[in-house]
Amino acid sequence: MELISRENPARITEIVGRVPATGADGVDAAVRRAGRAQREWAARPIGDRIAVLRQAGETVTGRAGELAGLLARESGKPLADCRGEISFALTYLRWVCDHAPRVLAPAEIDDAAGRLVVRRAPYGVVACLTPWNAPVILAMVKLAPALAAGNTVVLKPSPLAPLAVGEVAAALPGVEVVHGGAPAGRALVTHPLIRKVAFTGGDRAGREIAAAAGAMLTPSVMELGGNDPALFLPDFALTDDDYERLVMASFATSGQVCMAAKRLYVPRARLAEFTEAYRAAAERVLVVGDPLAAGVTMGPVISAPAADRVRGLVAGSVARGGTAVPLGRAHGDLESGYFVTPTLVTGLDDDAPLVAEEQFGPAVPLLPYDTEEEALARANAGELGLAASVWSADEDRAFALATRLEAGFVFVNTHNRTGMSLRAPFGGVKRSGYGREYGEEGLLEYVQSAVAHAPAAFRGGGDGMPATAYPA
Ligand code: NAD
């Protein structure tokens, strides 16, 4: 059997673990097992399913510390981040358990017009394909609502971080896990028994998967990349803590977060003040080193190609006249893994690849603007529209501008994880995807309406409507 080895990106000589690569036959068998399990799972009352999910959450909670260590070693994310991710995933699972019975309850009407029941029916077997950057939460945000609704799931995590999420999935009922890259993903998405596809990842894979699902008439939800602007209005008022939060909004997980602050638009008149405070905050809060070492807030990037790509973006920026400002402090040996110096880049035009494309790494451009309208137009440029942020001392002004930003989620006076809410739907506009995760919409993503209806006119052999009539 072919095995996939995963190295520690902070110490690349260390193999953290291995998973078996699933071939096409293995994918077929997993989908069929999930299909058989689904009927029994869906037939159980939702209260029973929720009780099983709560119990599974308790099991994972008992292992959270151990799983955070595993996640840190396979992904290169600092231990505190990994603890936070697992704890957030468990909190979301509880949120689903608390809210699914109400949100997924059938709507029933029995009145003078007839009897109508609208059920929230599960799709069947759902295929979930997830990336490596937040493997546990990005799987949980699919698994929990899908399972609560009565679906079963075949999960294909990224081969770059398959270990911790594999352990979490094994604790949940109704989940099969298959391993591998694009070939395993393709076999899964195109399997005839798959009734819904949930994908989080990049543009290229997203387009291919959406097309493959479309060719099968399988509905999909797509959570794709972003190039989030952070827009500082002329009256912005940031404390030292705010600057630290802003730095981490770009550099947490080494910048490899879909909703990281990826472009900073600052009023030209306040550029010097901003730059100085930003650098000082980075010096305090950004410590690059081994993810398991105490005090480290930024680890390596995920792989050698990722490191080369980000370094290339910075070198290309300098070649076109930009200035690269290294940020933060190093802790220990940074030669042992895929470490990239966190960098602020100034002096770029909006056509520079670091500005126009999703960098997905620890380099962020700082871009001065002259008028608010100009800043808004520049923030809205491009094909991506995942998240954005507006920073202002006047919350009403920020909320007014938020309605004019082309993004699925606008954070006010913060950005990235610190601005998330379990009750708010999350997802992109434009080419950042479609469908939503979290909130009630995230639950409804895994059901479709199914109706039973007895018109009153024909109940009890009544003297109802003529055969050609529409109801009044
Ligand atoms: P990726 O697209 O390379 O891979 C995602 C998953 O799809 C992996 O499991 C991968 O093995 C699989 N895959 C890749 N190609 C495939 C194909 N042709 N057919 C079937 N499966 C395929 O993404 P990545 O590099 O792991 O993640 C980075 C991207 O994910 C970034 O663009 C980031 O912005 C995005 N992302 C988006 C969100 C969101 O919520 N919108 C969250 C996290 C990451």
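Shown above is the structure to which this text applies.
Residues numbered from 1 in each chain as written. Predicted model: local features only at pLDDT ≥ 70, side-chain atom pairs only at ≥ 80, totals over all residues. Heavy atoms only, no water.

K.L.:
Before we move on, can you summarise the site of the ligand with the specific residues and values?
P.N.:
For the ligand, the set of nearby residues contains 30 residues, the closest of which are Thr130, Lys156, Gly202, Leu224 and Glu358. Between an oxygen atom of the ligand and a main-chain N or O atom of Gly202, the distance comes to 2.8 Å. Separating an oxygen atom of the ligand from a side-chain N or O atom of Glu358 is a distance of 2.6 Å. Expressed as a share of its isolated accessible area of 850 Å², the protein-covered part of the ligand is 87%. (Near = heavy atom within 4 Å. Polar contact = N/O pair within 3.5 Å; in protein donor to acceptor, adjacent residues only side chain to side chain. Areas by Shrake-Rupley, 256 points an atom, 1.4 Å probe, with all protein chains shown as cover.)

K.L.:
Account for the sheet that holds strand 8 (residues 194-200), with residues named and values stated.
P.N.:
Read from one edge of the open sheet, 6 strands run 7-6-5-8-9-21, paired in mixed fashion. Each end of this open sheet is capped by a strand with a single partner; those strands are strand 7 (175-177) and strand 21 (433-434). The pairing of strand 8 with strand 9 (residues 220-223) spans 4 bridges and is parallel. Across the sheet, the residue bridging to Thr200 is Glu223, located in strand 9. (Pairing = 2+ DSSP bridges. Helix = DSSP H or I, 4+ residues; strand = E, 2+ residues; numbered from the N terminus.)

K.L.:
Residue-level account of unusual backbone geometry, with values.
P.N.:
Phi is positive for Lys430, which is not a glycine, with a value near 50°. Its place among the elements puts Lys430 in strand 20 (residues 429-430). Looking at Lys430, the relative accessible area reads 34%, which means it is partly exposed. (Buried < 20%, exposed > 50% of the residue type's maximum accessible area, 1.4 Å probe, protein only.)

K.L.:
Tell me about the pattern of salt bridges, and please be specific about residues and values.
P.N.:
Within this structure, the stated rule accounts for 31 salt bridges. Arg284 serves as the salt-bridge partner of Glu244, at 2.6 Å between the closest nitrogen and oxygen. In this pair, Glu244 sits in helix 9 (residues 240-251) while Arg284 sits in helix 10 (residues 271-285), placing the two residues 40 residues apart along the sequence. Residue class for Arg284 comes out partly exposed when judged on its relative accessible area of 37%. (Salt bridge = Lys/Arg side-chain N within 4 Å of Asp/Glu carboxyl O.)

K.L.:
How would you explain the side chain of Thr414 if you had to name every residue and give the values?
P.N.:
As for its placement among the helices and strands, Thr414 is situated in the loop between strand 19 (409-412) and strand 20. Since its relative accessible area comes to 10%, Thr414 is described here as buried. Of the polar contacts made by the side chain of Thr414, one reaches the side chain of Thr418; its length is 2.7 Å. Dropping the residues within four chain positions of it, Thr414 is found in contact with Arg245, Ser389, Trp391 and Gly419. (Contact = heavy atoms within 4.5 Å.)

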